[in-house]
Amino acid sequence: DIQMTQSPPVLSASVGDRVTLSCKASQNINKNLDWYQQKHGEAPKLLIYYTNNLQTGIPSRFSGSGSGTDYTLTISSLQPEDVATYYCYQYNSGLTFGSGTKLEIK
Amino acid sequence: QVQLQQSGAELAKPGTSVKLSCKASGYTFTSYYIYWVKQRPGQGLEWIGYIYPGNGGTYYSEKFKGKATFTADTSSSTAYMLLGSLTPEDSAYYFCARPEYRYNPTLAYWGQGTLVTVSS
């Protein structure tokens with residue numbers, strides 16, 4: 001099974017900061033990776049699909065990049081409403097979610 | 001618009017079973033997979049498996065084989081997940097989700113989740 005490791009587990013940043021979340025796969029996943037945002041008490045929400053494609057309705061401050069085993073979600077200017085846990089999800093071989101990064105406002 | 005409406009919270013005793021539902025609307029139910037995802041309180045997301053209502057075909061994560069059973073009722077556009085032999089470790093939120101595209105696992109639509117509590 002492919003393992004997905006997200007870092008850091010918790011990230012505290014200030015409003016307006018550029019924030020980078022990391023997701024590392026245990027083997028090459030060929031860009032078959034999505035990012036989901038889950039706010040407290042809500043269902044996950046698709047942000048980015050196939051590494052770098054912004055889902056309809058998602059603000060352009062969110063972006064994704066990566067290849068091979070290393071992937072990144074970037075928020076260009078952190079907003080208060082971005083407080084959430086973010087999960088990566090690979091579907092190259094089986095389906096695996098990462099362990100999540102909890103994003104907080106400093 | 002695509003909507004997935006899940007059934008209400010369940011309180012069950014160890015050793016029993018619960019059957020969760022996920023009612024779909026706003027699209028052709030038989031044309032898209034329905035995925036199921038587990039989340040223990042305060043923990044991460046865990047993929048359980050999926051069903052294709054068009055032909056009833058199912059696939060389970062190795063961890064959930066024997067624990068979860070998926071069915072679908074095309075007449076009511078409802079997917080079901082039966083969880084059997086419940087233990088406290090089955091206490092969790094369970095989400096159903098639908099991909100954006102028919103044969104792609106990107107989960108664009110989610111139900112609101114059902115909380116299952118297993119306690120004697």
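The rules behind each value
- Residues numbered from 1 in each chain as written.
- Chains lettered and ligands numbered in written order.
- Predicted model: local features only at pLDDT ≥ 70, side-chain atom pairs only at ≥ 80, totals over all residues.
- Heavy atoms only, no water.
- Helix = DSSP H or I, 4+ residues; strand = E, 2+ residues; numbered from the N terminus.
- Rg over C-alpha atoms; globule rule 2.2 N^0.38 Å.
- Contact = heavy atoms within 4.5 Å.
- Buried < 20%, exposed > 50% of the residue type's maximum accessible area, 1.4 Å probe, protein only.
- Areas by Shrake-Rupley, 256 points an atom, 1.4 Å probe, with all protein chains shown as cover.
- Lys, Arg positive; Asp, Glu negative; His and termini not counted.
- Charge placed at Lys NZ, Arg CZ, Asp CG, Glu CD.
- Pairing = 2+ DSSP bridges.
- Axes fitted to C-alpha atoms, helices over the stretch in contact; angles between N-to-C directions.
- Phe/Tyr/Trp six-rings, centres within 6.5 Å; stacked < 30°, edge-to-face > 60°.
- Lys NZ or Arg CZ within 6 Å of the ring centre and 35° of its normal.

Chemist: How should the overall build of chain A be read in this particular structure?
Modeler: Tallying secondary structure elements over chain A gives zero helices and eleven strands in all. Helices (α) and strands (β) of chain A occur, in sequence order from the N terminus, as β-β-β-β-β-β-β-β-β-β-β. Over its C-alpha trace chain A gives a radius of gyration of 13 Å, about what one expects of a compact globule, namely 13 Å for 106 residues. If you line up chain A on its principal axes, its C-alpha atoms span 35 × 25 × 25 Å. Here the analysis covers contacts within chain A between residues at least 6 apart in sequence; of these, 56% occur between residues at least 24 apart.

Chemist: Even after reading the chapter, I still don't get the overall build of chain B, so can you show me in this structure?
Modeler: Helix and strand content of chain B: zero helices and eleven strands. Listed N to C, the secondary structure of chain B is β-β-β-β-β-β-β-β-β-β-β in terms of helices and strands. Relative to a compact globule of 120 residues, whose C-alpha radius of gyration would be 14 Å, chain B shows 13 Å and is just as compact. Viewed in the frame of its principal axes, chain B has a C-alpha envelope of about 40 × 25 × 25 Å. The buried share among the 120 residues of chain B stands at 49%. Nonlocal contacts in chain B, meaning residues at least 24 apart in sequence, comprise 53% of its contacts between residues at least 6 apart. About 5600 Å² of surface is accessible on chain B, with carbon and sulfur atoms providing 47% of the total. Distance between charge centroids for chain B: 2 Å, based on 10 positive and 7 negative side chains.

Chemist: Hey, could you run me through the sheet that holds strand β7 (residues 68-73) of chain B in this one?
Modeler: Through backbone hydrogen bonds, the strands of a sheet pair up, either in parallel or in antiparallel fashion. Residue and element names in this part refer to chain B. If you trace the four strands from one edge of the open sheet to the other, you get β1-β3-β8-β7, paired in antiparallel fashion. Strands at the two margins of the open sheet, each flanked by one partner only, are β1 (3-6) and β7. The average undirected angle you get between the axes of adjacent strands in this sheet is 20°.

Chemist: What is the right way to look at unusual backbone geometry in this model?
Modeler: Working note: non-glycine residues mostly have negative phi, and peptide bonds are mostly trans. Residues and elements named next belong to chain A. At the junction of Ser7 and Pro8, the peptide bond is cis and its omega measures out at -10° in the coordinates. Mapping Pro8 onto the fold places it in the loop between β1 (4-7) and β2 (10-13). Phi is positive for Tyr50, which is not a glycine, with a value near 45°. Within the element layout of this structure, Tyr50 appears in the loop between β5 (45-49) and β6 (53-54). Taking the relative accessible area as the measure of exposure, Tyr50 reaches 39% and is therefore partly exposed.

Chemist: Is there a simple way to think about the environment of B:Gly15 in this case?
Modeler: Residue and element names in this part refer to chain B. Tracing the backbone through its elements, the reader meets Gly15 in the loop between β2 (10-12) and β3 (18-25). We classify Gly15 as exposed; its relative accessible area is 58%. Residues Gly15 and Pro88, spaced 73 residues apart in sequence, show a C-alpha to C-alpha distance of 9.7 Å. When residues no more than four places from it in sequence are discounted, the contact partners of Gly15 are Ser85 and Leu86.

Chemist: Is there a simple way to think about the sheet that holds β1(A) in this case?
Modeler: Residues and elements named next belong to chain A. Taking strand neighbours across the sheet as the criterion, the four strands line up as β1-β3-β8-β7 in an open arrangement whose pairing is antiparallel. Looking at which strands have only one partner, the edges of the open sheet turn out to be β1 and β7 (62-67). On average, each strand axis in the sheet is tilted by 20° relative to the strand beside it, whichever way the strands run. Note that β7 and strand β8 (residues 70-75) share six bridges and pair antiparallel. Counted as the bridge partner of Ser65 is Thr72 from β8.

Chemist: Just checking my understanding: could you explain the packing of aromatic side chains for this structure?
Modeler: Any two aromatic rings considered together are summarised by their centre-to-centre distance and by the angle between their planes. Per the stated rule, a full pass over the model turns up 17 aromatic pairs over all chains. Here B:Trp47 and B:Tyr59 contribute two aromatic rings whose centre-to-centre distance is 6.0 Å and whose plane-to-plane angle is 20°, an arrangement assigned as stacked. With a gap of twelve residues between them, B:Trp47 in strand β5 (residues 45-52) and B:Tyr59 in strand β6 (residues 57-60) connect regions that are remote in the sequence. With relative accessibility at 9%, the residue B:Trp47 sits in the buried group. A centroid spacing of 4.6 Å and a plane angle of 20° characterise the contact between B:Tyr60 and B:Phe70, whose relative ring orientation is stacked. Taken together, the positions of B:Tyr60 in strand β6 and B:Phe70 in strand β7 put the pair ten residues apart, joining distant regions of the chain. The two residues B:Tyr60 and B:Phe70 agree in class, both being buried. Aromatic rings pair up to connect A:Tyr36, A:Tyr89, A:Tyr91, A:Phe97, B:Phe95 and B:Trp110 into one cluster. Across the ring face of B:Tyr80, the terminal group of B:Lys19 is positioned such that the distance to the ring centre comes to 4.8 Å.

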